[in-house]
Amino acid sequence: MADNKIAPNANGFFDDVCAFFDHAAQFTNHSPGLLDQIKACNSVYHFQFPIRKQNGVEVIHAWRVEHSQHMSPTKGGIRYSEMVNQDEVMALAALMTYKCAIVNVPFGGAKGGIKINPKNYSLTELENITRRYTVELIKKNFIGPAIDVPAPDYGSGEREMSWIADTYNTMNPGQLDALGCVTGKPLALHGIAGRKEATGRGVAIATRECLNVAEDMHAIGLSPGLAGKRVIVQGLGNVGYHSAKYLAEFGASIVGICEYEGAIYNPDGLDVEEVVKHRKETGSILGFQGAKEEFKVSAIGLEQDCDILVPAALENQITLHNVDRIKAKVIAEGANGPTSPEAGEAFTRKGGIIIPDMYCNAGGVTVSYFEWLKNLYHVAFGRMDKRYEETSNRNLISMIEKMTGTDLTPEQRSMVIKGPTELELVNSGLEETMIRSYHEIREIKLRNSKIEDLRTAAFVGSIDKIAISYMNLGIWP
Ligand code: NAD
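Residues numbered from 1 in each chain as written. Predicted model: local features only at pLDDT ≥ 70, side-chain atom pairs only at ≥ 80, totals over all residues. Heavy atoms only, no water.

Trainee: So what's going on with the pattern of salt bridges? Which residues, and what values?
Mentor: For the coordinates displayed, the defined rule picks out 30 salt bridges. Put simply, aspartate 307 and arginine 230 hold a salt bridge, and the shortest N to O gap is 3.1 Å. Of this pair, aspartate 307 sits in the loop between strand S9 (293-295) and strand S10 (308-311) while arginine 230 sits in strand S6 (residues 230-234); the two residues are 77 residues apart in sequence, bridging distant segments of the chain. We note a salt bridge from glutamate 440 to lysine 465, for which the minimum N-O separation is 2.7 Å. With a gap of 25 residues between them, glutamate 440 in helix H15 (residues 422-447) and lysine 465 in helix H16 (residues 454-472) connect regions that are remote in the sequence. Through salt bridges with shared partners, a single ionic network connects Arg79, Glu88, Lys111, Asp153 and Glu315. (Salt bridge = Lys/Arg side-chain N within 4 Å of Asp/Glu carboxyl O. Helix = DSSP H or I, 4+ residues; strand = E, 2+ residues; numbered from the N terminus.)

Trainee: With reference to specific residues and values, describe the packing of aromatic side chains.
Mentor: By the definition in use, this model includes 13 aromatic pairs. Above the plane of the ring of tyrosine 246 lies arginine 201, whose end atom (NZ or CZ) is 4.7 Å from the centre. Seen from the ring of phenylalanine 250, arginine 208 lies directly overhead, with NZ or CZ sitting 4.4 Å from the centre. (Phe/Tyr/Trp six-rings, centres within 6.5 Å; stacked < 30°, edge-to-face > 60°. Lys NZ or Arg CZ within 6 Å of the ring centre and 35° of its normal.)

Trainee: Explain unusual backbone geometry residue by residue, including any values.
Mentor: Of note, the amide linkage connecting serine 72 to proline 73 takes the cis form, showing an omega dihedral of 0 degrees. With respect to the helices, strands and loops of the structure, proline 73 is situated in the loop between strand S2 (56-66) and strand S3 (74-80). Unlike most non-glycine residues, histidine 190 shows phi in positive territory, near 65 degrees. Along the chain, histidine 190 falls in the loop between helix H5 (158-171) and helix H6 (195-212). Despite not being glycine, histidine 378 has its phi angle at roughly 60 degrees, a positive value.

Trainee: So what about the side chain of lysine 185? Which residues, and what values?
Mentor: Its place among the elements puts lysine 185 in the loop between H5 and H6. Separated by 2.6 Å, the side chain of lysine 185 and the backbone oxygen of valine 182 make a polar contact. Excluding its chain neighbours within four sequence positions, the residues that come into contact with lysine 185 are Glu158, Met161, Ala165, Leu179, His190, Gly191, Ile192, Glu371 and Asn375. (Polar contact = N/O pair within 3.5 Å; in protein donor to acceptor, adjacent residues only side chain to side chain. Contact = heavy atoms within 4.5 Å.)

Trainee: So what's going on with the sheet that holds S3? Residues and values would help.
Mentor: Spatial strand order, S1-S2-S4-S3-S5: 5 strands in an open sheet with mixed pairing. Strand pairing shows two members of the sheet lacking a second neighbour, strand S1 (43-53) and strand S5 (148-152), which therefore form its edges. Adjacent strand axes in the sheet meet at a mean angle of 25 degrees, parallel and antiparallel pairs treated alike. Judged from the 5 bridges that link them, S3 and strand S4 (residues 108-114) form a sheet pairing that is parallel. When the bridges of S4 are listed, lysine 75 appears paired with glycine 109. The strands touched by helix H3 (residues 86-102) are S1, S2, S3 and S4; relative to S4, the strand with the most contacts, the crossing angle is about 150 degrees. Each of S1, S2, S3 and S4 touches helix H4 (residues 123-139); the most contacted strand, S1, lies at about 145 degrees to it. (Pairing = 2+ DSSP bridges. Axes fitted to C-alpha atoms, helices over the stretch in contact; angles between N-to-C directions.)

Trainee: Pulling in residues and values, what's your account of the site of the ligand?
Mentor: Not every one of the 22 residues close to the ligand is listed here, only the nearest: Arg79, Asp153, Thr199, Val239 and Glu259. At 3.4 Å, a backbone N or O of tyrosine 260 approaches a nitrogen atom of the ligand. Between the ligand and asparagine 336 there is a distance of 2.9 Å, counted from an oxygen atom to a side-chain nitrogen or oxygen. Compared with its free state, where it exposes 830 Å², the ligand has 87% of that area covered by protein. Residue assignment for the shell around the ligand shows that the elements contributing at least two residues are H6, helix H8 (238-249) and strand S7 (253-259). Among the residues making up the shell around the ligand, the classes are represented as 8 nonpolar, 10 polar and 4 charged. (Near = heavy atom within 4 Å. Areas by Shrake-Rupley, 256 points an atom, 1.4 Å probe, with all protein chains shown as cover. Nonpolar A, V, L, I, M, F, W, Y, C, P; charged D, E, K, R; others polar.)

Laid out in structure tokens, this is it:
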């Protein structure tokens, strides 16, 4: 008989992920040995290296964890933060395994971490740290297009990915697929259009899909559809900014933004681009003219009136300490692990829906997968067929015009004829992945009345898929 309580977390983030896993595992019928194999981190590499700073030498601590090699390569971002520790990297690597499985991206999960606050280092020092980190991974065979492929995460972006690609390329002369060793690269270095915004765009699509299911919205007392829904976003970095941008584009109203320096709120809506501009100019979101209220304690921003909360900063932001004061009906987890298991249970009990991180923020890894494919193909999506498609469409339209005696306007003509760009193909693949995966998770939940939330359903789906991969190896019956 299924136990509807998630075991309370004793130690940390990895235990939280394992608690979610164990809770979901009871709804599957795999052997305990297989479940243990899936759950454990296969390889945990902690290393340290010295770097020269202006005023001496500093020893940097870093990690790369490969959680599961049931599929190759493994994949996961590199976090640059002074809060990074082994437990966190293990938890994030495990989440990557489940995330890739749920959105059918054929990778195992991995994660990296460098324990620094990037703001405390010069550009040259950051470059030295990143290149040295990459060399350490190369030395231990922890990076490569067929082995383990990092990507950006909290505190890192295109710039760091370029340094990694260049270092790997330099140390692997003649390796044809070398640039597939890392994703999230800038376009000029064989990145892919749409990768930077992919995670946030995916969060917005996931939220729209959830809000579009009328039956589920009526059950929690919200009208269906995203239009006019009030959203609070925590974190105005890559994921938070792009989530806010696309949610607003899809018709929602961004009423609150929380950053580490404080929070701003306006029930009539905030102009996200203007907030970003203000923060660039002043170094803070506080003091923004378009806000009606502001809070020096950032966490209070999460508790303001809204329909949807998008935590897109760090883990453990919604806990038993604040969950009762959260007014949102839907939490769309842009960040990894923002809701503790106990808080998640409490939120579901009071009638809320959590769109779980392992699905909600999977847009990034989905488009990283497209970038990796592009690097292996050595050709941009759309390059071979765009003009061919346009010629075929033009011929077809001319024939229809001739047969019907009706001419399209020039605007209609170019709309119908136009072949897809790389960005359009990427966005189409992302949208398809997010929509299909949402309904796959929801179906699992509907099929078993004892599964009480989307996170448990997502874990059940992932565990089943990973178990099948292991069973195909012929080790487990
Ligand atoms: P980022 O560094 O670009 O942005 C994070 C933002 O959060 C920063 O602006 C930072 O100032 C802010 N922040 C930090 N502490 C805060 C606090 N206590 N309250 C409010 N704001 C705070 O990082 P990111 O890439 O946007 O990653 C954010 C989260 O999304 C992480 O959990 C990461 O693992 C997850 N994620 C990122 C990606 C990706 O493609 N970048 C993909 C999947 C998941």
